[in-house]
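Residues per chain, in single letters:
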Amino acid sequence: MEERKKYVAHCLVLPYPAQGHINPMLEFSKRLIQRGVKVTLVTVVSNWKVVSRKNFTSIEVESISDGYDEGGLAAAESLEVYLETFRRVGAQTLAELLQKLAGSSHPPDCVIYDGFMPWALDVAKNFGLLAAAFFTQSCTTNTIYLHTYNKLLELPLTQTGYLLPGLPKLEAEDLPSFLNRYGTYPGYFYVVVNQVSNIDKADWVLANTFYELEQEVVDWLFKIWPLKTIGPTLPSMYLDKRLQDDKNYGIEMYVPKSEACIKWLDDKPKGSVVYVSFGSFAGPNVEQAEELASGLRDSGSYFIWVIRDSEQEQLPKGFLDTAEKGIIVNWCPQLQVLTHEALGCFITHCGWNSTLEALSLGVPVIAMPLWTDQITNAKLIKDVWKIGVKAVADEKDIVRKETITHCIKEILETEKGNEIKKNSIKWKNLAKSSVDEGGSSDKNTAEFVDELVHRRA
Ligand code: UDX
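Keep in mind that this is a model prediction, so the values were computed, not measured.

Draft legend 1. Layout of the overall build of the protein chain. Helix and strand content of the protein chain: 18 helices and 13 strands. For 457 residues, the compact-globule formula gives about 23 Å, and the C-alpha radius of gyration of the protein chain, at 22 Å, lands near that figure. In terms of principal-axis extent, the alpha carbons of the protein chain reach across some 65 × 50 × 45 Å. Buried residues in the protein chain amount to 59% of all 457 residues. Long-range pairs, those at least 24 residues apart, make up 69% of the contacts in the protein chain with a sequence separation of at least 6. Accessible area of the protein chain: about 19,100 Å², with a carbon and sulfur share of 51%. For the protein chain, the distance from the average position of its 48 positive side-chain charges to the average position of its 59 negative side-chain charges is 3 Å.

Draft legend 2. Main features of the site of the ligand. In the neighbourhood of the ligand, 20 residues make up the surrounding shell, with Ser280, Cys332, Ser354, Glu357 and Asp373 lying closest. Separating a nitrogen atom of the ligand from a backbone N or O atom of cysteine 332 is a distance of 2.6 Å. Within the side chain of glutamine 334, one N or O atom sits 3.2 Å away from an oxygen atom of the ligand. Within the complex, the protein chains bury 93% of what would otherwise be the 660 Å² of accessible surface of the ligand. Those elements that place two or more of their residues in the shell around the ligand are helix 2 (19-34), strand 8 (273-277) and helix 14 (352-360). The dominant element in the shell around the ligand, judged by the number of residues it contributes, is helix 14, at four residues. When its residues are assigned to classes, the shell around the ligand shows five nonpolar, 13 polar and two charged.

Draft legend 3. How the structure looks around the pairing of strand 2 (residues 37-44). With eight of its eight residues buried, strand 2 lies for the most part within the structure. Burial along strand 2 is two-sided: the face carrying Val37, Val39, Leu41 and Thr43 and the face carrying Lys38, Thr40, Val42 and Val44 are both buried. Running through helix 2, the crossover from strand 1 (residues 9-14) to the neighbouring parallel element strand 2 is right-handed. For strand 2 and strand 3 (residues 60-64), the ladder comprises five bridges, and the chain directions are parallel. Looking at the pairing, valine 44 lines up with isoleucine 64 of strand 3.

Draft legend 4. Inspection of the nonpolar core at higher detail. In terms of nonpolar packing, the biggest core is built from 61 residues, with Leu14, Tyr16, Leu94, Tyr113, Leu179, Ile199 and Trp225 touching the most fellow members. Among residues more than four places away in sequence, those in contact with tryptophan 225 are Phe135, Leu146, Val196, Ile199 and Val205. With 39 residues, the next largest nonpolar core counts Ile327, Val365, Ala367 and Ile381 among its residues.

Draft legend 5. Examining the sheet that holds strand 3 more closely. On the basis of which strands lie adjacent, the open sheet formed by seven strands has the order 3-2-1-4-5-6-7 and parallel pairing. The open sheet has two edge strands with one neighbour each: strand 3 and strand 7 (227-229). Averaged over all neighbouring strand pairs, the angle between strand axes comes to 25 degrees, with direction disregarded. Judged from the three bridges that link them, strand 6 (residues 204-207) and strand 7 form a sheet pairing that is parallel. Its bridge partner lying in strand 7, valine 205 is registered against leucine 227.

Draft legend 6. Molecular detail of the packing of helix 4 (residues 79-102) against helix 8 (residues 186-193). Relative to each other, helix 4 and helix 8 sit at 40 degrees, their axes nearing to 8 Å. Relative to helix 8, the element helix 4 lies oblique. Of helix 8, the residues touching helix 4 (which contributes Leu79, Glu80 and Leu83) are Pro186, Gly187, Tyr188 and Val191. Partitioning the contact of helix 4 with helix 8 into residue classes produces five nonpolar, one polar and one charged.

Draft legend 7. Structural view of the packing of aromatic side chains. Within this structure, the stated rule accounts for 23 aromatic pairs. Judged by centre distance (5.7 Å) and plane angle (35 degrees), the ring pair of tyrosine 68 and tyrosine 82 falls under tilted. Of this pair, tyrosine 68 sits in the loop between strand 3 and helix 4 while tyrosine 82 sits in helix 4, and the two are 14 residues apart along the sequence. This pair shows no difference in class: tyrosine 68 is buried, exactly as tyrosine 82 is. Between phenylalanine 178 and tryptophan 371, the ring centres sit 5.8 Å apart and the planes meet at 80 degrees, which makes this aromatic pair edge-to-face. Placement of the pair is phenylalanine 178 in helix 7 (residues 177-180) and tryptophan 371 in the loop between strand 12 (365-367) and helix 15 (374-384), with a sequence separation of 193 residues.

Draft legend 8. The arrangement of helix 14 in detail. Judged by how many residues are buried, helix 14 sits mostly within the fold: nine of nine residues are covered. All of the buried residues in helix 14 are Trp352, Asn353, Ser354, Thr355, Leu356, Glu357, Ala358, Leu359 and Ser360. Summarising the contacts, the buried residues of helix 14 are in contact with helix 2, helix 13 (334-338), strand 11 (343-348), strand 12, helix 15 and helix 17 (415-435). Following helix 14 by one or two positions, glycine 362 has its phi on the positive side, about 70 degrees.

Draft legend 9. How the structure looks around the pattern of salt bridges. Taken as a whole, this structure holds 31 salt bridges when the rule is applied. Here lysine 38 makes a salt bridge to glutamate 60, at a shortest N to O gap of 3.0 Å. With lysine 38 in strand 2 and glutamate 60 in strand 3, this pair connects stretches of sequence that are 22 residues apart. Look at lysine 38 and you get buried, because its relative accessible area is 6%.

Draft legend 10. Representation of the confidence of the model for the protein chain within the structure. Looking at the protein chain, the pLDDT average stands at 93 and 95% of residues meet or exceed 70. Predicted as a complex, the structure gets a pTM of 0.96 and an ipTM equal to 0.97.

Conventions we followed
Residues numbered from 1 in each chain as written. Predicted model: local features only at pLDDT ≥ 70, side-chain atom pairs only at ≥ 80, totals over all residues. Heavy atoms only, no water. Helix = DSSP H or I, 4+ residues; strand = E, 2+ residues; numbered from the N terminus. Rg over C-alpha atoms; globule rule 2.2 N^0.38 Å. Buried < 20%, exposed > 50% of the residue type's maximum accessible area, 1.4 Å probe, protein only. Contact = heavy atoms within 4.5 Å. Areas by Shrake-Rupley, 256 points an atom, 1.4 Å probe, with all protein chains shown as cover. Lys, Arg positive; Asp, Glu negative; His and termini not counted. Charge placed at Lys NZ, Arg CZ, Asp CG, Glu CD. Near = heavy atom within 4 Å. Polar contact = N/O pair within 3.5 Å; in protein donor to acceptor, adjacent residues only side chain to side chain. Nonpolar A, V, L, I, M, F, W, Y, C, P; charged D, E, K, R; others polar. Right-handed = clockwise from strand over helix to strand, strands pointing away. Pairing = 2+ DSSP bridges. Core = buried A, V, L, I, M, F, W, Y, C linked by side-chain atoms within 4.5 Å. Axes fitted to C-alpha atoms, helices over the stretch in contact; angles between N-to-C directions. Parallel < 35°, antiparallel > 145°, perpendicular 65-115°, else oblique. Phe/Tyr/Trp six-rings, centres within 6.5 Å; stacked < 30°, edge-to-face > 60°. Salt bridge = Lys/Arg side-chain N within 4 Å of Asp/Glu carboxyl O. pLDDT = per-residue confidence, 0-100.

The structure is reproduced here in structure tokens:
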């Protein structure tokens, strides 16, 4: 009873087990905790083992099984098999967890589940709980997937120019890779498109974006979904600085081993360093890595390039001896790097988190998308928000070294680069305002908690 009085409601937060999904859902959890909500993070067993538990002072952690308690996705014979097993075993073990928690001193009121796991909505509803879908990608991307699910986008794509509600005109090559390269990664295609399969049953749809960023498409989605934009989910310390408990939650394998790159940045001239990262999952192939390496070296700029341990062999032999102005790290504290005075621009794969982070911190972008929604994010970066340029690939789908050098010089040395920097600052201010007191995302989060308290049994 005492436990119940301490909190206004209890949410289970259930991210898909990948860095780009766990981080935004944990950051949103902090905002809920600040408003008196009890949060329990539910992770898969293989991740649970590496959760940096010492950081979790105000979030409880429970686990379900994806069917691969030793190794997760890496242990599965294919992505398709993993996803199907996760759906089956995940639904069963989530039901067992909800059964267990139903008898606890403060049973959950609501399941906030990752859009990649729509089966969690059905489980929550079987237990009579409220449920909120959490979309870790842009509303633009979700609208494209919604139209695909409803068969309003015919695949394979044949048209020139697609006009979807609330979106700028998009060419086939601006659409997510699962559509414009139809047939690639069928498992992921199924996952992203089926995010909306049972969305009608969700009590809320939470999206990691902010109203001002995607206004037209949010207005359109708002007519058909109980949508609340609650982002950008960067730690408060980088935006409104209002959260007391703003520790860097995370999973151990991704916590930076050293902050050496911050020291390295400290004595570099203002706005001079190029930061290169392709996120936590995909990376450039050997040919692309060679071109990138040469492009960085030829630009004569300082650079930090994140290459995960598993991909270090992609790097041309002896590269660092010839590129004296750069360092390679296997992981870095990206937000600290992006806010460092020495930073000049960010060569990114345009994952949605990296996109939001660059935009919210006012960092000009060189877009080098690889697959999935990154392609569409790159289009928005260049043509809609105008916070960067795109490094265009050739017919072999490789961005050549000359293009990379040209893009770096364009951002760091030209009038166009200055315009882009001005736009970046404009978006930085809007992002901060949206989560600050009375901003669009702040209001939506407050409304979500009020409605939750009102509607819980
Ligand atoms: C994936 C997809 O690629 C992305 O398109 C989708 O929208 C979400 O899931 P990922 O590829 O990992 O995510 O990219 P991104 O969304 O950018 O997330 C990477 C995260 O890792 C960012 O929050 C970034 O700050 C962090 N990071 C990356 C570090 O902290 N250190 C690093 O060295 C590199």
